[in-house]
Amino acid sequence: MPERSGPGFRRRVGPPSRRARVALLTLGVLAVLFLLFVMFAGFWTDWLWFRSVRYSSVFTTQLWTKIGLFGVFGLLMAVVVGFNVWLAHRLRPPLSAMSVEQQSLDRYRAGLAPFKRWALIGVSLVIGLVAGAAASGQWRTWLMWTNATSFGEKDAQFGMDVSFYAFDLPFYEFVLGFAFSAVIVSLLTSALVHYLYGGLRLQGPGRRASAGAQGHLAVLLGVFVLLKAVAYWLDRYALAVKTGSYKGVSGWTGLRYVDANAFLPAKTILFFVAIICAVLFFLTPIRRTWAPALIGLGLMVLSAVLIGGLYPAIVQQFQVKPNEQAKETPYIQKNIDATRRAYGIADAQTTQYSPQGSTNADALKPDAQTVSDIRLLDPNIVSPTFQSLEQQRNYYAFPSTLDVDRYGTGDGKQDSVVGLRELDLNGVQRNWINDHFKYTHGYGAVVAKGNQVDDRGQPVFTESGLPATGSLGDYEQRIYYGEKTTTYSIVGGSNKEIDYTDPKTGQNAEYTYTGDSGVSLSNPLTRAAYAVRFAEPQILYAGAISDGAKVIYNRTPKERVEKVAPWLSIDADPYPVVQDGRVVWVLDGYTTSDGFPFSSKTTLGAATKDSLTNQRGELLTVANQVNYIRNSVKATVDAYTGEVKLYQWDEKDPVLRTWMKAFPGTVEPKADIPQSLLPHLRYPQDMFKVQRDLLGQYHVTDANSFFNGSDIWQVPVDPTSDTKQVQPPYYVTVRMPDTSAASFSLTSTFVPNQRPNLAAFMAVDADPGEDYGKIRILKMTGESGAPGPGLVQSKFNSRQEVASQITLLKSGGDSELEYGNLLTLPVGGGLLNVEPVYVRGRGAKYPTLQKVLAVYGDDNVAFENTLGDALKKVFAGAAPATTPTVPSSPGGGTTPTPSPTGPATPAPGGTISPELQKALADAEKAYNDSQTAFKNGDWVAYGNAQKALGDALKAAEAARGGSPAPAPTGTPAPGGGSPSPKP
């Protein structure tokens, strides 16, 4: 046999066979069809999802806006570029004298000649597609411009409505950028065509450009310079939203002295210079010379350097620096005023506060509710406790950070720690059926009192068990949509899901989903589309998918709201609420803008980061750097049906009203918020963190003080965490010194820049009502010397008696200590710091509360087994001494007064009705109970007794013929003051 490479071997060379060509063609067609179906699957499943949640208008509005922008701007770019390429070809000179350069280009012209028309169309379309794709990404800019709503507020420099900067200017800048792109691309492609066909020459004798090429390119350059003139004019207004760094503010925005007195006139001068230069370019085809245009262009560049660069530098050096404070003060004041308005902190109330080192019974009495509601249960630590005690099954789990809410009615309302028992597939044997058919939902809410633990240091549950029972009554407990539910499920039809384990039989109860959520899989095309979307071919043919089956996905509350409201930034911490027999997730939505003139910009991701960010999640936004923010929307997601509702919360916000015009019917009016949900709404954490970040500098409202920078605050580093991040804000019930009653609030502290002592205490009223969102700041007086959180923690740890007990708790290293939230509270004219201490023994699954740290003033430090013992020690035995009284009866005489030593006495000349007698007896009992509780240091019992006393006094008022009224002077009303207003 001859070798393959020898003379006997003949290699077969030739075109592929017909069968091979058919096979290759078939594979190519199938590949194209598959790619087209993948694109269709994404589009089709998105449409089906939006239709299933009844927000199809959001999908169609986005879709048609993107298509419209793509078509209009893509076609415009294609026509402009195509016309200029065609015109360059028409203006080509005759090639009578062939130079060496032109001879080398001749083969390219010859090769292109048969395809000139198709090349023109192809190049124009490709450029148009790129431009259209870029333009479609500006759908938000377009919708905001076409639906702009006036702010009703003018900027301090030009007198333009803020809406011009927020809605109009971004669109004008986009159009200007598009026009620049069209001219530059046209200029480059035209120059290439002119060179290819001899209109431009680099070699040889004679003119380098033909008359046609010269005129064409001169006009394009004139248009470019004319657009530059428009850019100079818009730059004048852009100075009001220009961002830089000044006085330690990295996002400083707005004009300063040099901007208003150098850059602004320079931009105006350059505008006119550019127009003159453009006219010179337009005259070039007529004058047939480049000289005037090029001279004009050179003068424009020189003017830009001298007027736009050198002159402002001279003004800054010789006018501003010698007297900077006087020059900059008016512009600093504009920045302060605009920033405070844009972030909703203009009405923040600052009060001087000089905390006392000791207190007495009379000073403590108004703060009874604050003290009794001190939250011992840290929602950031007790998740493992909930998990161990209430998980019930391996396929359930709680979020790593639980939530704080209020449950109960009237004076019985108290702070509670809440967690939902959500689905956790890591606790089951993983396979496709288990993951998507059998284990589909969580079950039940678990609620614990925030201010109590039992004798083992464990939570006192008010709602627990599986199914959950307790104070919440009957409600739909199945959790199909939750923070930990990230995979899709196929439900309904004849599918039997694992519901929960029946406590009586020990058997798994089964359930079939009956909600109206999800997308039907009855259509084979839909099943194929979802098979592609989820990269799971079994969806296409699995027999487990029966008639009536539906697929549910996008199941975390945050992603559902972000999808139906893509113009909102969503708070990182959704929280569950049980109301009207349903479990709903509540989310706070923010509208933002980076176009509020003179308002300094902040980066939301940085401003909202704290020691719990990794547990709670980050605030993500479509525009991370903003200088205007409003909590404009309250959103809810039903945990069973996945239904999303958006409610207008800030009825004055022009950004929200703009988006409501763009997406009509998607946001429901504030009046439609269910009354049962309203008491559970709260002030959002991320909004608060942005505001406190700005207040670190912008609590200073005087421009001269701001310039000196001597009163800058910082949020302290969390001393209970090793993340080195700042302390998170805390939800607590607290009475501020200028209010009569405690209210559910979000609080934080400040320390001076680079110093550890306390600078201020900040609280915002978080309960819906007339004071909702009211920011109150207690600014420590200079001589107070109040310790900041870091110093308080050091004070705890440096005490010998505390250190020795900590050593005992650690049991020689066998146990771990976990410090709970360090709460700072204004109480009794001073500052009370309380920190629960949890101990996790070796091998223990969860920590238990074993000790409570408390400090009041400088030397009153306690480390006790219970909060009551700790408070009794730091308050140095202060006890109430005031006997309650009730006001005079309307009919003359006095209403009987409960006595601490005997029964109530009747009013002179009158008798006591049975109702009045009972009310007075209840008041006497409540008063005695409060006295006993105070002496025993049982602050929970004391707070409850004070609430009961207020109820009894109101009942007595009603029984004597008057309407209920707040307790009179000398008598603590429920919670130590008058009832807080109803929302």
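Here is what the cut-offs are and how they apply
- Residues numbered from 1 in each chain as written.
- Predicted model: local features only at pLDDT ≥ 70, side-chain atom pairs only at ≥ 80, totals over all residues.
- Heavy atoms only, no water.
- Helix = DSSP H or I, 4+ residues; strand = E, 2+ residues; numbered from the N terminus.
- Buried < 20%, exposed > 50% of the residue type's maximum accessible area, 1.4 Å probe, protein only.
- Contact = heavy atoms within 4.5 Å.
- Pairing = 2+ DSSP bridges.
- Axes fitted to C-alpha atoms, helices over the stretch in contact; angles between N-to-C directions.
- Parallel < 35°, antiparallel > 145°, perpendicular 65-115°, else oblique.
- Left-handed = near helix turned anticlockwise from the far one by under 90°.
- Core = buried A, V, L, I, M, F, W, Y, C linked by side-chain atoms within 4.5 Å.
- Expected span 1.5 Å × (residues − 1).
- Polar contact = N/O pair within 3.5 Å; in protein donor to acceptor, adjacent residues only side chain to side chain.
- Phe/Tyr/Trp six-rings, centres within 6.5 Å; stacked < 30°, edge-to-face > 60°.
- Lys NZ or Arg CZ within 6 Å of the ring centre and 35° of its normal.
- Salt bridge = Lys/Arg side-chain N within 4 Å of Asp/Glu carboxyl O.
- Patch = residues over 30% accessible without salt bridge, like charges linked within 9 Å, V, L, I, M, F, W, Y side chains within 5 Å.
- Areas by Shrake-Rupley, 256 points an atom, 1.4 Å probe, with all protein chains shown as cover.

Tell me about the overall build of the protein, and please be specific about residues and values.
The secondary structure content of the protein amounts to 27 helices and 34 strands. Each of the 983 residues in the protein was classed as buried or not, and the buried ones make up 53%. Long-range pairs, those at least 24 residues apart, make up 69% of the contacts in the protein with a sequence separation of at least 6.

Account for the sheet that holds strand β6 (residues 414-420), with residues named and values stated.
Overall, antiparallel pairing links the 5 strands, which are arranged β5-β6-β9-β10-β11 in an open sheet. Looking along the sheet, the strands with just one partner apiece sit at the ends: β5 (403-407) and β11 (469-470). Sheet topology places β5 next to β6; 5 bridges connect them, and they run antiparallel. Looking across to β6, one finds that R406 is bridged to D415.

Let's hear about the sheet that holds strand β17 (residues 549-552): which residues, and what values?
Pairing is antiparallel across the open sheet formed by 3 strands, whose spatial order is β13-β17-β16. The sheet is open, and its two borders are formed by β13 (489-492) and β16 (519-520), each paired with just one other strand. Examined bridge by bridge, β13 and β17 share 4 bridges and lie antiparallel to one another. Residue pairing across strands places V491 opposite K550, the latter belonging to β17.

Go over the packing of helix α6 (residues 162-196) against helix α7 (residues 211-238), please, and point to the residues and values.
Orientation of α6 relative to α7, taken along the N-to-C sense of each, is 160°, at an axis distance of 10 Å. With respect to each other, α6 and α7 are oriented roughly antiparallel. For the pair α6 and α7, the sense of crossing is left-handed.

I'd like a rundown of the nonpolar core, residues and numbers included.
Counting 151 residues, the largest nonpolar core has W567, L646 and W659 as its most contacted members. Beyond its immediate sequence surroundings of up to four residues, W567 is in contact with Y590, T591, V633, L656, W659, F663, T666 and V667.

Please set out helix α8 (residues 257-287) residue by residue, giving values where relevant.
Here α8 is 31 residues long and its end C-alpha atoms lie 44 Å apart, about the 45 Å a rise of 1.5 Å per residue gives. One or two residues past the end of α8 sits R288, with phi positive at roughly 55°.

Lay out the environment of S748 with the relevant residues and their values.
With respect to the element layout, S748 can be found in strand β27 (residues 743-752). With 60 residues separating them along the chain, S748 and F688 place their C-alpha atoms 9.2 Å apart. If we ignore the near neighbours within four places in the chain, the residues touching S748 are F688, R692, V715, F761 and M762. Looking at S748, its side chain comes within polar contact range of the side chain of R692, at 2.7 Å.

So what's going on with the packing of aromatic side chains? Residues and values would help.
On inspection of all chains with the given rule, the structure shows 51 aromatic pairs. Between the aromatic rings of Y480 and Y513, the centroid separation amounts to 4.5 Å while the plane-to-plane angle is 55°, which identifies the pairing as tilted. With Y480 in the loop between β12 (478-479) and β13 and Y513 in the loop between β15 (508-511) and β16, this residue pair connects regions lying 33 residues apart in the sequence. The interplanar angle of 45° and the centroid separation of 5.0 Å between the aromatic rings of Y513 and Y640 together place this pair among those described as tilted. Note that Y513 is positioned in the loop between β15 and β16 and Y640 in the loop between β23 (628-638) and β24 (644-648), a separation of 127 residues in sequence. Side by side, Y513 and Y640 carry an identical accessibility label, which is buried. The ring of Y246 carries the charged tip of R256 above its face, separated from the ring centre by 4.0 Å.

Which residues make up unusual backbone geometry, and what values go with them?
Going from L466 to P467, the amide bond is cis rather than trans, its omega being -10°. Assignment of secondary structure puts P467 in the loop between β10 (459-464) and β11. The backbone phi angle of Q392 is positive, close to 70°, even though this residue is not glycine. Residue position: Q392 is located in the loop between α13 (383-390) and β4 (396-397). Given the relative accessible area of 36%, Q392 is considered partly exposed.

Tell me about the pattern of salt bridges, and name the residues and values.
All told, the structure shown has 29 salt bridges when counted by the stated rule. When the shortest N-O distance is used, the salt bridge between R682 and D403 registers 3.9 Å. Of this pair, R682 sits in the loop between α20 (654-662) and α21 (685-698) while D403 is found in strand β5, placing the two residues 279 residues apart along the sequence. In this structure, the salt-bridge partner of D610 is K689, at a minimum N-O distance of 2.9 Å. Here the residue D610 occupies a position in the loop between α18 (604-607) and α19 (613-616), and K689 occupies one in helix α21, the gap between them amounting to 79 residues. Classification of D610 as buried rests on a relative accessible area of 2%.

Tell me what's going on with the environment of A606, and back it up with residues and numbers.
Relative to the elements of secondary structure, A606 occurs in helix α18. We classify A606 as exposed; its relative accessible area is 57%. Sequence separation between A606 and D693 is 87 residues; the distance between their C-alpha atoms is 9.5 Å.

Please give an account of a nonpolar patch on the surface that cites residues and values.
Together, L24, L25, L27, V29, L30, V32, L33, L36 and M39 make up an exposed nonpolar region whose accessible area comes to about 930 Å². Looking at where L24 falls in the secondary structure, it is placed in helix α1 (residues 18-52). A residue is classified by how much of its surface remains accessible, and L24, at 58% relative accessible area, is exposed.

Nothing here speaks to function; it is geometry throughout.
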